[in-house]
Amino acid sequence: MTGNLVEIRNLRVEATTDAGRRVEIIKGVSLDIAEGEIVALIGESGSGKTTIAMTLMGYARQGCAITGGEVRVGGVDMVKLSEAERAGIRGTGVAYVPQSAAAAFNPALTIMDQVIEVARIHRLMSATEAQAKALLLFKALSLPHPETIGNRYPHQVSGGQLQRLAAAMALIGQPKVVIFDEPTTALDVTTQVEVLRAFKSVTAQHNIAGVYVSHDLAVVAQIADRIVVLKDGTVQEMGATNDILEGGQHPYTRELLAAFRPKAQQREPDGKSATKRPLLEVDNLTVGYGPRSRDGQPLIKAVQAVSLKLDQGRNLGIIGESGCGKSTLARAIAGILPAHAGDIVFNGRELGKAGRNRTRNELREIQIVFQHADTALNPAKSVEDILRRPLAFYHGMRGKTRDARVNDLLDLVRLPKSVRHRLPGELSGGQKQRVNFARALAAEPTLILCDEITSALDTVVAAAVVELLKELQRELGISYIFISHDLSVVEAICDEIIVMYRGQKVEQIASTRLAAPEHPYTRLLFSSVPKLDTRWLDNLERDAEQVRAYGHP
Amino acid sequence: MTNPTSSGRLNMRLGYRFNLVGVSALGIILLWAGVALFAPQIIPHSVGEIVDADYFGPMSRDLWFGSDYLGRDIFSRILMGARYTLGISLAAVSIACFSGVALGMTAAVAGGWCDSLLSRFLDALNSIPSKLFGLVVVAAVGSSIPALIATLSVIYTPGAYRFARALAVNVNTMDFMVVARIRGERLPYLIASEILPNILGPVLADLGLRFVFIVLLLSGLSFLGLGVQPPYADWGALVRENIGGLPFGAPAVIFPSLAIASLTISVNLLIDNLPRRIRDRSAE
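Reading the values: rules and limits
- In this convention, every chain numbers its residues from 1, walking through the sequence in written order.
- All chains are assigned letters beginning at A, and all ligands numbers beginning at 1, according to the order in which they are written.
- Per-residue local features are limited, in this predicted model, to residues with pLDDT of at least 70; the limit for side-chain atom pairs, both in listing and counting, is 80 or more; totals at the level of whole chains, interfaces and linings are taken over all residues.
- Secondary structure elements are defined from DSSP: runs of H or I of at least 4 residues count as helices, runs of E of at least 2 residues count as strands, and each element is numbered from the N terminus.
- Backbone-placed C-beta atoms define the burial measure: a residue is buried with 20 or more other C-beta atoms within 10 Å of its own, exposed with 12 or fewer, and partly exposed in between.
- Residues are scored as being in contact if the C-beta atoms we place from backbone atoms lie within 7 Å.
- UniProt positions are given in the numbering used here, feature names are shortened, and annotations may be inferred rather than shown by experiment.
- Delimitation of the domains relies on an automatic or database domain assignment.
- Any two strands with at least two DSSP-identified bridges between them are counted as paired.
- Here the axes come from fitting lines to C-alpha atoms, over the contacting stretch only for helices, and the angles between their N-to-C directions go from 0 to 180 degrees.
- Note on handedness: a clockwise path from strand one over the helix to strand two, with the strands aimed away from the viewer, defines a right-handed crossover.
- An angle below 35 degrees is treated as roughly parallel, one above 145 as roughly antiparallel, one from 65 to 115 as roughly perpendicular, and anything else as oblique.
- Whether a crossing is left-handed or right-handed is set by the direction in which the near helix is turned from the far one by less than a right angle, anticlockwise for left-handed and clockwise for right-handed.
- Amino acids are sorted into nonpolar (Ala, Val, Leu, Ile, Met, Phe, Trp, Tyr, Cys and Pro), charged (Asp, Glu, Lys and Arg) and polar (every other residue, Gly among them).
- The predictor's confidence in any single residue is recorded as pLDDT, a number from 0 to 100.

Caption draft 1: Representation of the overall build of chain B. For chain B, the count of helices and strands is 10 helices and two strands. The order of helices and strands in chain B, counted from the N terminus, is α-β-α-α-α-α-α-α-α-α-α-β. Across its three principal directions, the C-alpha atoms of chain B cover 75 × 60 × 30 Å. Within chain B, the proportion of its 284 residues that are buried is 39%. Considering only contacts in chain B between residues 6 or more positions apart, those separated by 24 or more positions represent 70%.

As structure tokens, this is what we get:
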């Protein structure tokens, strides 16, 4: 065997659409991976990064086929093998760590049974040997209670632990190459640090080569030796991690790098704001789920006595990890989930807790935009119908005036008029989010609650959406409450930031003073955001006490 | 669908793809619908007229499907029977599905006690065996066409309700429903404009399936003598009348059975092969 462990030469993958048209989605990609090297595939969604990674296992998704080129793994061309021969290599030669470990584990079997399944299928070793090996892997991946964690079921461990267990499952067959398909995208930043560290040490220890698929340049910077930038199924640029980060030549690479460094908001503090009447005042709000106990308190309190204040034309950010109650807070303000205690005062008037106790005008003034535009837009209605409804409902518009207004709204969110007749399923993620936003604008609100609106988008697209929000604010004078787990996005748009942890507000901090947080949790959270620096993860020293107190190892 | 044939191009123009099995099934259904509409004009012999001296006569040039137990023309009787089988079933399935789907969506959107009350009531209806229910109703009020339609629709409403409710509950949890609610929309808009378009496909498939069940139940009731009463006869009644011809291999008992089979199988095949919208239209 000469040369590299993995050699992809002139790979072509075609997809057949439902009209029988063939589309080339990978257009002649060539790349090499040396033994023990980790190569990152980076690019926006639809750029073909996962498709290329999957061809290492000789696999193409349903409706797709590898139509040309070769994929040599350890000298064997995966394209030419029969399905049975490929199955023999999968798990032992090439293994796969999926994006969502929660969806990849069978909830009805214990973790140990699933981790050693690969060894059983390929008859690599006896069950006791496999279990001993799994135990070593659990230790190497720094999982807590390695001796007993295998006896639990998938729902009994946290998301970060499950992701590491999925890696253990992939590593047990001693593969030479592991495919990591966005394994940390679904995790909180504080958890992501631990998972990345575990992956890095295990791959180095066993000299495993890897393909790391991601759209997050900062994460990739920590773990990859080389970066391949993809767009539209072709390689745009390839090079050592440092070279790409410091001297990316290709326009698309630069766009990616630029999107990752959002310009900090250049807004002079408004001197008059102290005298102005606040737009929204929330006082001691408590929101919860489940049946009420005898003292009228809900079983689970998702938000506990949170107060906040927002001035007209200003923006407020709320950050925290998943489960901290930030979305629940937004839902309570919007009236979707009635609060149990506390007051919401909007424009000097107290609002009803439930949406049905508010007037139509009060509902119109506060609009909420959800994270997943896929589920927030009715898939059976055209863009035009979606935008027409709030215009007719709140403003009583009909006929030509309404159609003209629909065009205005599409203009506002920078969408072409041709999308009017399309269904949401026929739009890209960024376009859907714009339609979602246009629907909120149609109501002509004074406050928009943005619930993680950029989380499902690629870095470049998310940056464009944030830019759009800022422009609209200048034009229309709207206020935003911006909820996110991504500090860089919040930082770019908000004047004040509230940090939440387990339903409580731990700190309120002006965006100009982000460098000096006071609360230990805020410090931990801020320090966990990956930076575009290859040595960041190795140099990161986290206070062990902080991690114990607030992290989820 | 690998090479663009002429039918492929036609499909492209319509924006829908419809395969051969679906087209043939639709053809058979339309044929029966046409027969039901124009039966009085096209029957060669009057339904009640005895045209054959022999009973259970064989197929001949004059009597295409032979004669029945009284020597009447079975071909004409099948053509006329299509009116009753198709008409009663169509009326019953429309009523059952309309009320079931409307109630199901209402229950899903309203939730709470409204949902519980409706669900328990319709579950109770569902627990009565359908043939037995039919027997009781016919025994109580006698057999007439309106009574048959009402009975069949009551029997099949709970099923349609359960089906629509299960679908609507899923749609109800989507974010766009939250958006519509918080906009201040009322129940009629929510069910008609937000939920219905999303469950229409499966509901139509269910409608077709329920149509088949109703045809079979109606035929069963008629076979027991509880359905359409003489001198009229639907297909089920034709089978029962001529069951005595079975030992002789008479065509009089085989053809009505084939008619039932052709209709129900075609409806099933059509449901499985409904035209699908082509989403990739960039080749136009």
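More follows now that the structure is in view.
Caption draft 2: Molecular detail of the UniProt feature "domain: ABC transmembrane type-1" (unreviewed entry) in chain B. Residues annotated by UniProt as "domain: ABC transmembrane type-1" (unreviewed entry) correspond here to residues 82–271 of chain B. Note that residues 82–271 of chain B is 83% helix and 0% strand, and that its end C-alpha atoms are spaced 21 Å apart.

Caption draft 3: Focus on the domain arrangement of chain A. Residues and elements named next belong to chain A. According to the domain assignment, chain A consists of domain 1 (6–258) and domain 2 (275–516). Taken over C-alpha atoms, the centre of domain 1 sits 35 Å from the centre of domain 2. Across the contact, nine residues belong to domain 1 and eight residues belong to domain 2. Of all the elements in the fold, those that place two or more residues in the side of domain 1 that touches domain 2 are α8 (189–205) and α11 (251–260).

Caption draft 4: The UniProt feature "domain: ABC transporter" (unreviewed entry) in chain A, seen in detail. Under the UniProt annotation, "domain: ABC transporter" (unreviewed entry) lies at residues 11–257 and 280–527 of chain A. Secondary structure within residues 11–257 of chain A divides into 38% helix and 26% strand; the distance between the first and last C-alpha atoms comes to 27 Å.

Caption draft 5: Region of interest: the sheet that holds strand β12 (residues 298–311) of chain A. Residues and elements named next belong to chain A. Pairing within the open sheet is antiparallel, and its four strands lie in the order β12-β11-β14-β15. At either margin of the open sheet sits one strand with a lone partner, and together these are β12 and β15 (349–350). Looking at chain direction, strand β11 (residues 278–292) and β12 are connected through nine bridges and run antiparallel. Considered in β12, the bridge of Arg292 is made with Pro298.

Caption draft 6: Spotlight on the UniProt feature "transmembrane region" (unreviewed entry) in chain B. Residues and elements named next belong to chain B. UniProt's feature table lists "transmembrane region" (unreviewed entry) at residues 20–39, 84–113, 133–156, 207–228 and 248–271, given in the numbering used throughout. Across residues 84–113, helical content stands at 97% and strand content at 0%; the span's end C-alpha atoms are separated by 40 Å. Overall, residues 248–271 shows 88% helix and 0% strand. The separation of its end C-alpha atoms is 37 Å.

Caption draft 7: Local environment of the sheet that holds strand β3 (residues 38–42) of chain A. Residue and element names in this part refer to chain A. Read across the open sheet, the six strands follow the order β6-β7-β8-β3-β9-β10; overall the sheet is mixed. The open sheet has two edge strands, β6 (94–97) and β10 (234–240), and neither has a second partner. On average, adjacent strands in this sheet sit at an angle of 20° to one another, irrespective of strand direction. Sheet topology note: the β3/strand β8 (residues 209–214) ladder contains five bridges and is parallel. Bridge pairing in β8 places Ile38 opposite Gly210. Here helix α7 (residues 159–171) sits on the sheet in contact with β6 and β7 (177–181), set at roughly 170° to β6.

Caption draft 8: Representation of the pairing of strand β17 (residues 447–451) of chain A within the structure. All names here are of chain A. A large share of β17 lies buried, amounting to five of its five residues. Of the strand pairs in this sheet, strand β16 (residues 366–369) and β17 are connected by four bridges, and their pairing is parallel. When the sheet's bridge partners are listed, Val369 is paired in β17 with Cys450. Inspection of the sheet shows β17 paired to strand β18 (residues 479–484) by five bridges, in the parallel sense. Paired with Cys450 across the bridge in β18 is Phe482. Where the polypeptide runs from β17 across helix α18 (residues 459–476) and back to β18, its parallel neighbour, the crossover connection is right-handed.

Caption draft 9: Structural view of the packing of helix α15 (residues 383–395) of chain A against helix α17 (residues 429–442) of chain A. Residues and elements named next belong to chain A. Packing of α15 against α17 leaves a shortest axis separation of 8 Å and a crossing angle of 20°. One way to sum up the angle between α15 and α17 is to call them roughly parallel. Considering only the axes of α15 and α17, their crossing is right-handed. For the pair α15 and α17, contact is made by Val383, Ile386, Leu387, Pro390 and Leu391 and by Val435, Ala438, Arg439 and Ala442, respectively. Here the residues of the contact of α15 with α17 are counted per class, giving eight nonpolar, no polar and one charged.

Caption draft 10: Spotlight on the pairing of β3(A). In terms of burial, β3(A) is largely enclosed, as five of its five residues are buried. Of the two faces of β3(A), the one carrying Ile38(A), Ala40(A) and Ile42(A) and the one carrying Val39(A) and Leu41(A) are both buried.

Caption draft 11: The environment of Leu137(A), seen in detail. Residues and elements named next belong to chain A. When you line up the elements, Leu137 lands in helix α6 (residues 127–140). Along the primary structure Leu137 and Met169 are separated by 32 residues, whereas in three dimensions their C-alpha atoms are 9.1 Å apart. Aside from chain neighbours lying at most four places away, what touches Leu137 is Ala168, Leu171 and Ile172.

Caption draft 12: Focus on unusual backbone geometry. One non-glycine residue with positive phi stands out, namely Glu182(A), at about 45°. Inspection of the secondary structure assignment puts Glu182(A) in the loop between β7 and α8. Among the residues examined, Glu182(A) registers 18 C-beta atoms within 10 Å and is labelled partly exposed. Although it is not a glycine, Phe56(B) adopts a positive phi angle of roughly 50°. Structurally, Phe56(B) is set in the loop between α2 (20–42) and α3 (74–110). Residue classification places Phe56(B) among the buried residues on the basis of 23 C-beta atoms within 10 Å.

Caption draft 13: Quick peek at the confidence of the model for chain B. The pLDDT averaged across chain B works out to 85; a share of 92% of its residues lies at or above 70. Two summary scores accompany this predicted model of the complex, namely pTM at 0.76 and ipTM at 0.74.

Caption draft 14: Focus on the environment of Val154(B). Residue and element names in this part refer to chain B. Mapping Val154 onto the fold places it in helix α6 (residues 145–172). According to the C-beta neighbour criterion, Val154 is partly exposed, with 19 such atoms within 10 Å. For the pair formed by Val154 and Trp113, sequence separation is 41 residues and the distance between their alpha carbons is 23 Å.

Caption draft 15: Structural detail: the packing of α17(A) against α18(A). Residues and elements named next belong to chain A. For the pair α17 and α18, interaxial distance at closest approach is 10 Å and the crossing angle is 25°. Here α18 runs roughly parallel to α17, going by the angle between their axes. For the pair α17 and α18, the crossing hand works out as right-handed. For the pair α17 and α18, contact is made by Gly429, Gly430 and Gln433 and by Val461, Ala464 and Val465, respectively.

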